[in-house]
Structures are given as C-alpha cells and as structure tokens.
Amino acid sequence: AEAEVEKPQTFDPAKQLGTTMPLGFFDPLNFTKVGDEDGFRKLRIAEMKHGRVAMMAAVGAIIQPLVHFPGFKDVPSGIEAVLSPPGTYGF
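My aim in this report is to walk through the structure given alongside it, one point at a time.

Definitions and limits used
- Each chain has its residues counted from 1, following the order in which its sequence is written.
- In keeping with the predicted nature of the model, local features appear solely for residues at pLDDT of at least 70, side-chain atom pairs appear and are counted solely at 80 or more, and the whole-chain, interface and lining totals rest on all residues.
- Only hydrogens and water are set aside when side-chain values are computed; all heavy atoms of the structure are taken into account.
- Helical segments are the DSSP runs of H or I of at least four residues, strand segments are the runs of E of at least two, and each set is numbered from the N terminus.
- With C-alpha atoms as the basis for the radius of gyration, the globule rule is written as 2.2 Å multiplied by the number of residues raised to the power 0.38.
- Using a 1.4 Å probe on the protein chains alone, a residue whose accessible area is under 20% of its type maximum counts as buried, one over 50% counts as exposed, and one in between counts as partly exposed.
- What makes two residues a contact is simply this: any of their non-hydrogen atoms within 4.5 Å.
- Only the protein chains shown count as cover for residues, and all accessible areas are computed by the Shrake-Rupley method using a 1.4 Å probe.
- Counted charges follow a simple rule, with Lys and Arg positive, Asp and Glu negative, and His plus the chain ends left uncounted.
- To locate a charge, take NZ of a lysine, CZ of an arginine, CG of an aspartate or CD of a glutamate.
- Residues qualify for a patch when their relative accessible area is over 30% and they have no salt bridge, like charges being joined within 9 Å and the nonpolar side chains of Val, Leu, Ile, Met, Phe, Trp and Tyr within 5 Å.
- When a carboxyl oxygen of Asp or Glu lies within 4 Å of a side-chain nitrogen of Lys or Arg, that pair is called a salt bridge.
- Pairing of N or O atoms within 3.5 Å defines a polar contact, subject to two protein rules: one partner must be a possible hydrogen donor and the other a possible acceptor, and residues neighboring in sequence count only if both atoms are side-chain atoms.

Attention now moves to the overall build of the protein chain. Across its full length, the protein chain carries two helices and zero strands. For the protein chain, whose C-alpha radius of gyration is 24 Å, the value lies well above the compact-globule estimate of 12 Å for 91 residues. In terms of its C-alpha atoms, the protein chain occupies a principal-axis envelope of roughly 85 × 30 × 20 Å. Looking at the protein chain as a whole, 12% of its 91 residues are labelled buried. Contacts in the protein chain between residues at least 24 apart in sequence constitute 30% of all its contacts with a sequence separation of at least 6. Put simply, the protein chain shows about 8,300 Å² of open surface, and 64% of that area lies on carbon and sulfur atoms. The protein chain carries 9 positive and 11 negative side-chain charges, and their two centres are separated by 5 Å.

On the surface, a nonpolar cluster with roughly 480 Å² of combined accessible area is contributed by Val59, Ile62, Ile63, Leu66 and Val67. Topologically, valine 67 is positioned in the loop between helix H1 (37–63) and helix H2 (80–83).

The phi dihedral of asparagine 30 falls on the positive side, at around 60°, and the residue is not glycine. With respect to the secondary-structure elements, asparagine 30 resides in the segment before H1.

Before going further, it helps to spend a moment on the side chain of threonine 32. Along the polypeptide, threonine 32 turns up in the segment before H1. Of the residues examined, threonine 32 reaches a relative accessible area of 12% and is grouped as buried. At a separation of 2.8 Å, a polar atom in the side chain of threonine 32 contacts the side chain of aspartate 27. When near neighbours in sequence (up to four residues on either side) are disregarded, threonine 32 contacts Pro13, Phe25, Asp27, Phe40 and Leu43.

Below you can see the structure in the form of structure tokens.
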C-alpha cells in the first residue's frame, strides 16, 4: 500500500493570528501574497516596531510640557523650544 504524502499547505496571510472581525484580513494595497510567509513576517515585524515608536512619541508629546531638564527651565514648550536658546544648542 502506498503511503499518502500530504502536500504542504500554502501560507495564507488571511488565516494568521490578528485577523479581526468585522474587517477580517485587511490588506487594501495587497502587500502580502498567498505563499509569501517571509514577506508577511517581515512586514508584521516592521508594523510592530513602527507601532512601538508611535506609542513612545505619543507619550513624549504628553510628557514634554511637564518635564524640563536642568538648565532648560526657561525654554518654552512646543515649537518655540526649537527656535529659542538653549533649545537651539543641539542644532
């Protein structure tokens, strides 16, 4: 009797963890292709890294007006910090 050999399943990004309802798998620009597991993993890792950077930027935007380093007490908050000394010393 011949042993049945199972064909390896093709990688389907729509069946990966993170697919949520009601949208399901959301890839409007078709960046991920069926069968391209390496490309999918690379894009997922990049998305996580960019998300973490965005979260840190949001925390920084909230904390920036509240925390001042020693020697920078007179620097105004917001965009004025870049335009007035000693905020211009880094440039």
